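Below, each chain spelled out in residue letters.
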Amino acid sequence: MDVNAAIAAASAIGGVCTGAAAVLAFRWSEREQARPTRTSLHTEAVLPPGVDTVLSVLRSSAVVLDEGDTVVKASSAAYALGLVRGGRLAVDRMLQMARETRRDGEIRQVELDLPRRSGRGEPLAVSARVAPLGSRLVLLLVEDLTEARRIEAVRRDFVANVSHELKTPVGALSLLSEAVMDAADDPEAVNRFAGRMQVEATRLTSLVQEIIDLSRVQNDDPLEDAEPVAVDDLVAEAIDRCRHPANTKQITMATAGAPDLYVWGHRGQLAAALGNLVENAVNYSPARTRVGIAGRRVPAPGGDLIEISVTDQGMGISQADRERIFERFYRVDPARSRATGGTGLGLSIVKHVAASHGGEVTVWSAEGQGSTFTLRLPEAGSARPSDRRDDAAGTSDADAPDDGAGHRVPPGEPYATTTPTPTHATPHPAPEVLP
């Protein structure tokens, strides 16, 4: 009996102890849950009221750090720039600024170059600004300046190039005017120097006009005053513009293509673009060769395109130069450009006109064989004559223009002409078979 009582008493004591331990464990768990932890400090609740809303609408990348340099809040842009990795600020210079600001409360700002996350390409130019946020937090704002830097570099290069290009004819005019004054008693020398002055003045006028044209095509919206423009009219205007230099060099201007082609856009800009292509072809072609201008319609998923190709039999363009010829002031042969009056802006104007009209300009060239520049523009479909035959049915040989030797040339071939081809001319590939 005494043994059973002892067992019962021991069991009772054990149960009381177990219960007491359970109660203590429960109270300890509640106390631990109520105590702030490192994880709980990193939630949005630690931010001052309204800060989270403000950070979400900022254009700059935002990062908030606590007293342990752990990221409390970071915008998606900050992650995209690679500022935050593994819950820590990944840029040592910014982390150092944050610690200094936390210590003395001073606002700091610095501009840095950061490597891209991919590891390739030019570094990102950023401006970082650090400021205290309350008593424990530090706010880091980072703004991406890469695009602004690029635009500034383009503007700076453009101003430098313009200054250099203007300096040459202005300096020549100054020297020639002094020569005229010194040769006042020599009529022959005066006439010679005056002729040189006229050449330099013409070159200066052309340069200023092309700078104005480039500024207009970059700033104006050509589709505000858009209208259906006949390709035949553009070709005729381009030929008329270059007729005198072509006749001087005995260059044949040949045209071909399907009739009734229309493009939609600003007539003046389109005429200037095609005129620049034809003028370049004439200026850089040897004497007694020919320049071909061809137009055709090309089916495209988003609507038919009109291709206007200008082909010459000049010296051609190397692969390295073809990648840069549409840059402003870039010239394949600077010495020859000075002789022909080239400014290096013509092809840049063509590129901007094509892009602003929803098209493009491409080039095919082979050294020693010549070049073909192709301007592709959306067709003005509403301007098509209702009785025009569809190109899908094809054009008969009887309707094709004659090349002067009794041969019919299909539309799109650049060398349909009314005069025989010079025997020394090198045959040139048609635009439709170019790469």
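Residues numbered from 1 in each chain as written. Predicted model: local features only at pLDDT ≥ 70, side-chain atom pairs only at ≥ 80, totals over all residues. Heavy atoms only, no water.

Enquirer: Explanation requested: the nonpolar core in the structure shown.
Expert: Looking at soluble globular proteins, one finds that nonpolar side chains tend to be buried together. Of all hydrophobic cores here, the largest spans 46 residues; its most connected members are Val 263, Leu 274, Val 278, Val 282 and Val 310. Every element with two or more residues in this core is listed here: α7 (187-219), α8 (231-241), α10 (267-283), β11 (290-298), β12 (305-311), α13 (346-356) and β14 (370-378). The biggest single contributor to this core is α10, with eight residues. When neighbours within four sequence positions are excluded, Val 282 is seen to be in contact with Cys 242, Pro 245, Ala 246, Lys 249, Ile 251, Met 253 and Val 291. Of all hydrophobic cores here, the second largest spans 24 residues; its members include Val 63, Leu 95, Leu 112 and Val 130. (Core = buried A, V, L, I, M, F, W, Y, C linked by side-chain atoms within 4.5 Å. Buried < 20%, exposed > 50% of the residue type's maximum accessible area, 1.4 Å probe, protein only. Helix = DSSP H or I, 4+ residues; strand = E, 2+ residues; numbered from the N terminus. Contact = heavy atoms within 4.5 Å.)

Enquirer: Teacher, can you tell me more about the pattern of salt bridges here?
Expert: Two side chains carrying opposite charge are able to pair once their charged atoms lie near each other. Counting across every chain of the model gives 16 salt bridges. The salt bridge partner of Arg 243 is Asp 240, with a shortest N-O separation of 3.8 Å. A relative accessible area of 52% means that Asp 240 is categorised as exposed. One salt bridge in this structure joins Glu 307 and Arg 296, with 3.0 Å as the shortest N-O distance. One end of the pair, Glu 307, is in strand β12; the other, Arg 296, is in strand β11, and 11 residues separate them in sequence. (Salt bridge = Lys/Arg side-chain N within 4 Å of Asp/Glu carboxyl O.)

Enquirer: Can you walk me through the packing of α10 against α13 in this structure?
Expert: How two helices sit against one another is set out by the angle between their axes and by the gap between those axes. In contact at an axis separation of 9 Å, α10 and α13 are set at 145° when each is read in the N-to-C sense. For the pair α10 and α13, the crossing hand works out as left-handed. Facing Gln 269, Leu 270, Ala 273, Asn 276, Leu 277 and Asn 280 of α10, the residues of α13 in contact are Gly 346, Leu 347, Ile 349, Val 350, Val 353 and Ser 356. Here the residues of the contact of α10 with α13 sort into seven nonpolar, five polar and no charged. (Axes fitted to C-alpha atoms, helices over the stretch in contact; angles between N-to-C directions. Left-handed = near helix turned anticlockwise from the far one by under 90°. Nonpolar A, V, L, I, M, F, W, Y, C, P; charged D, E, K, R; others polar.)

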